[in-house]
Amino acid sequence: MKNELDSKFLLQVFDKIRQFGEKEGDKYRLNGITAFTDLDGYTLFIEDKHVKLSFGFHSQYHFDYEDREHYEKFEKKLKQIDKEY
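Residues numbered from 1 in each chain as written. Predicted model: local features only at pLDDT ≥ 70, side-chain atom pairs only at ≥ 80, totals over all residues. Heavy atoms only, no water.

Novice: Outline the pairing of strand β2 (residues 27–30), supporting the account with residue identities and numerical values.
Specialist: The alternating pattern of β2 places Tyr28 and Leu30 on a buried face, while none of Lys27 and Arg29, on the opposite face, is buried. Pairing of strand β1 (residues 22–24) with β2, which is carried by three bridges, proceeds in the antiparallel orientation. Following the sheet pairing, Lys23 is matched in β2 by Tyr28. In this structure, the hairpin formed by β1 and β2 is closed by a connection of two residues, where Gly25 is found at a positive phi of approximately 70°. Here β2 hands over to strand β3 (residues 33–37) after two residues, with Asn31 in that stretch at a positive phi of 50°. (Buried < 20%, exposed > 50% of the residue type's maximum accessible area, 1.4 Å probe, protein only. Helix = DSSP H or I, 4+ residues; strand = E, 2+ residues; numbered from the N terminus. Pairing = 2+ DSSP bridges.)

Novice: Describe the environment of His62, with residues and values.
Specialist: Position of His62 among the secondary structure elements: in strand β6 (residues 61–64). Relative accessible area serves as the criterion here: at 48%, His62 is assigned to the partly exposed category. Expressed as a C-alpha distance, the spacing of His62 and Gly21, which sit 41 residues apart in the sequence, is 23 Å. For His62, the residues in contact, after removing those within four places along its chain, are Lys52, Leu53 and Ser54. (Contact = heavy atoms within 4.5 Å.)

This is the structure in structure tokens:
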């Protein structure tokens, strides 16, 4: 996930958060990561306290974060979820 987002990886992690996470309204939470979709399900959102990722139609994505260190920690959390579940 360094320069280019691996959409298959992201979809796997999103699915694992939904399967194994705790449901809070329309959102799912696992290991400090929250995952949810927009109303029609075309855009996925994965976020923690410092990083927000939106992933949409045609594999378009956008990260929102202020500090590179926050992004790197976020990436590690996603990899950990993928590995553990």
